[in-house]
Amino acid sequence: MLDFYYLPGSAPCRAVQMVAQAVDVKLNLQYLDLMAGAHRSAKFTKLNPQQTVPTLVDGPLVLCESRAALIYLCERYAKEGNDWYPEDIVQRATINQRLFFDACVLYPRFTDYYHPQVFGNAAPDAKKRSAFERSVELLNVFLMEHEFVAGAKMNIADISIFATLTTACVLGFDLKRYANVDRWYLTMMGSCPGAMVNVTGAKEFLNYK
């Protein structure tokens, strides 16, 4: 069983939980109350000097970036021939691109727009919302030709992006104007491992307001 330091409201944390369920890995959940400053404790800082969640611990290995953790879980524990992170180098390249899209575009634009409102009681910023909407429009383009974000089968990039958008939806973002994303999101809700854990955790984000 792997130690997993997490906060349920965190989309990156929920992505790791879903992929762990997909590859049948048990996690020893270690709730970390960031609001109380638990991530700044000496014990946790020694484990993860970045003081961030998620943090996944497997023996001597400590991973503190969710997409790296998703890849590791698949490479270390997924069954041979799995579709979550296929061995084909071209397929992996596309999945990696979508993971980096989430890490570098979609998720940062989500946090830029929503975090000031949730954690700082700020008024919505129209320019930041527009930037987030453009990232969802790009995702809509990615989904034009395939059922999932990187091809015909669900993979870890789908799960990572699903976690991000679930929090946005809980906060009131409407996907209906993005037909491909809306269709994909409904598919993820119905068939992604750990989907209900994802939704339940996302709803905790509302408690941070």
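Residues numbered from 1 in each chain as written. Predicted model: local features only at pLDDT ≥ 70, side-chain atom pairs only at ≥ 80, totals over all residues. Heavy atoms only, no water.

Trainee: Whenever I open this one, the sheet that holds strand β2 (residues 27–31) confuses me. Can you help?
Mentor: As a general point, the strands of a sheet are linked pairwise by backbone hydrogen bonds and lie either parallel or antiparallel. Across the sheet, which stays open at both edges, the four strands sit in the order β2-β1-β3-β4 with mixed pairing between neighbours. With one partner strand each, in any of the chains shown, β2 and β4 (61–63) form the two edges of the open sheet. In this sheet, neighbouring strand axes are inclined to one another by 20 degrees on average, regardless of whether the strands run parallel or antiparallel. As paired strands, strand β1 (residues 2–6) and strand β3 (residues 55–58) are joined by three bridges and run antiparallel to one another. Paired with Phe4 across the two strands is Leu56, which belongs to β3. The strands touched by helix α1 (residues 11–22) are β1 and β2; relative to β1, the strand with the most contacts, the crossing angle is about 150 degrees. Sheet strands in contact with helix α3 (residues 66–77) are β1, β3 and β4, and its direction is about 25 degrees off that of β3. (Pairing = 2+ DSSP bridges. Helix = DSSP H or I, 4+ residues; strand = E, 2+ residues; numbered from the N terminus. Axes fitted to C-alpha atoms, helices over the stretch in contact; angles between N-to-C directions. Contact = heavy atoms within 4.5 Å.)

Trainee: It is not clear to me how helix α4 (residues 89–120) should be interpreted in this structure. Could you clarify?
Mentor: Structural remark: α-helix, 3.6 residues per turn; residues separated by three or four positions point the same way. Taking 1.5 Å as the rise per residue, α4 with 32 residues should run 46 Å; its terminal C-alpha atoms sit 43 Å apart, in good agreement. Taken from the residues just after α4, Asn121 is the one with a positive phi, measuring 55 degrees. (Expected span 1.5 Å × (residues − 1).)

Trainee: Before we go on, may I ask you to explain the nonpolar core in this structure?
Mentor: For soluble globular proteins, nonpolar side chains are generally found buried alongside one another. In this structure, Ile156, Leu165 and Trp184 are the most contacted members of the largest nonpolar core, which totals 67 residues. Within the residue set of this core, elements represented by two or more residues are β1, α1, β3, α3, α4, α5 (126–142), α6 (156–170) and α7 (179–191). Per-element tally for this core: the top contributor is α4, with nine residues. Excluding residues within four positions of it along the chain, Leu165 makes contact with Leu106, Phe132, Val136, Leu139, Leu175, Val181, Trp184 and Tyr185. (Core = buried A, V, L, I, M, F, W, Y, C linked by side-chain atoms within 4.5 Å. Buried < 20%, exposed > 50% of the residue type's maximum accessible area, 1.4 Å probe, protein only.)

Trainee: Looking at this structure, how should I read the environment of Tyr113?
Mentor: Looking at where Tyr113 falls in the secondary structure, it is placed in helix α4. Separated by 51 residues in sequence, Tyr113 and Val62 have C-alpha atoms that sit 30 Å apart. In contact with Tyr113, not counting residues within four places along its chain, are Pro124, Asp125, Lys128 and Arg129.

Trainee: Looking at this structure, I do not really get the packing of α6 against helix α8 (residues 195–204). What am I missing?
Mentor: Angle between the axes and distance between the axes are the two parameters that describe a pair of packed helices. Direction vectors running N to C along α6 and α8 enclose 45 degrees, while the axes themselves pass 9 Å from each other. With respect to each other, α6 and α8 are oriented oblique. Both α6 and α8 take part in a crossing whose hand is right-handed. For the pair α6 and α8, the contacting residues are Phe162, Ala163, Thr166, Thr167 and Val170 in the first and Ala195, Asn198, Val199, Ala202 and Lys203 in the second. (Parallel < 35°, antiparallel > 145°, perpendicular 65-115°, else oblique. Left-handed = near helix turned anticlockwise from the far one by under 90°.)

Trainee: When you look at α1 in this model, what are you seeing that I'm missing?
Mentor: Between its terminal C-alpha atoms α1 stretches 16 Å, which fits the 16 Å expected from 12 residues at 1.5 Å a residue. The buried count for α1 comes to 10 of 12 residues, which makes it a mostly enclosed element. For α1, the set of buried residues is Ala11, Pro12, Cys13, Arg14, Ala15, Val16, Gln17, Met18, Val19 and Ala20. Against β1, β2, α3, α4, α6 and α8 lie the buried residues of α1.

Trainee: Any chance you could explain the packing of aromatic side chains here in plain terms?
Mentor: For any pair of aromatic rings, the description rests on two quantities: the centre-to-centre distance and the angle between the ring planes. Throughout the structure, instances matching the rule amount to 16 aromatic pairs. Ring plane angle 85 degrees and centroid distance 6.3 Å describe the contact between Tyr72 and Tyr77, whose orientation is recorded as edge-to-face. Tyr77 gets classed as partly exposed once you look at its relative accessible area, which sits at 26%. Here the aromatic cluster, defined as three or more aromatic residues joined through ring pairs, consists of Tyr107, Phe110, Tyr113, Tyr114, Phe119, Phe132, Phe173, Tyr178 and Phe205. (Phe/Tyr/Trp six-rings, centres within 6.5 Å; stacked < 30°, edge-to-face > 60°.)

As far as function goes, none of this settles anything; it's purely spatial.
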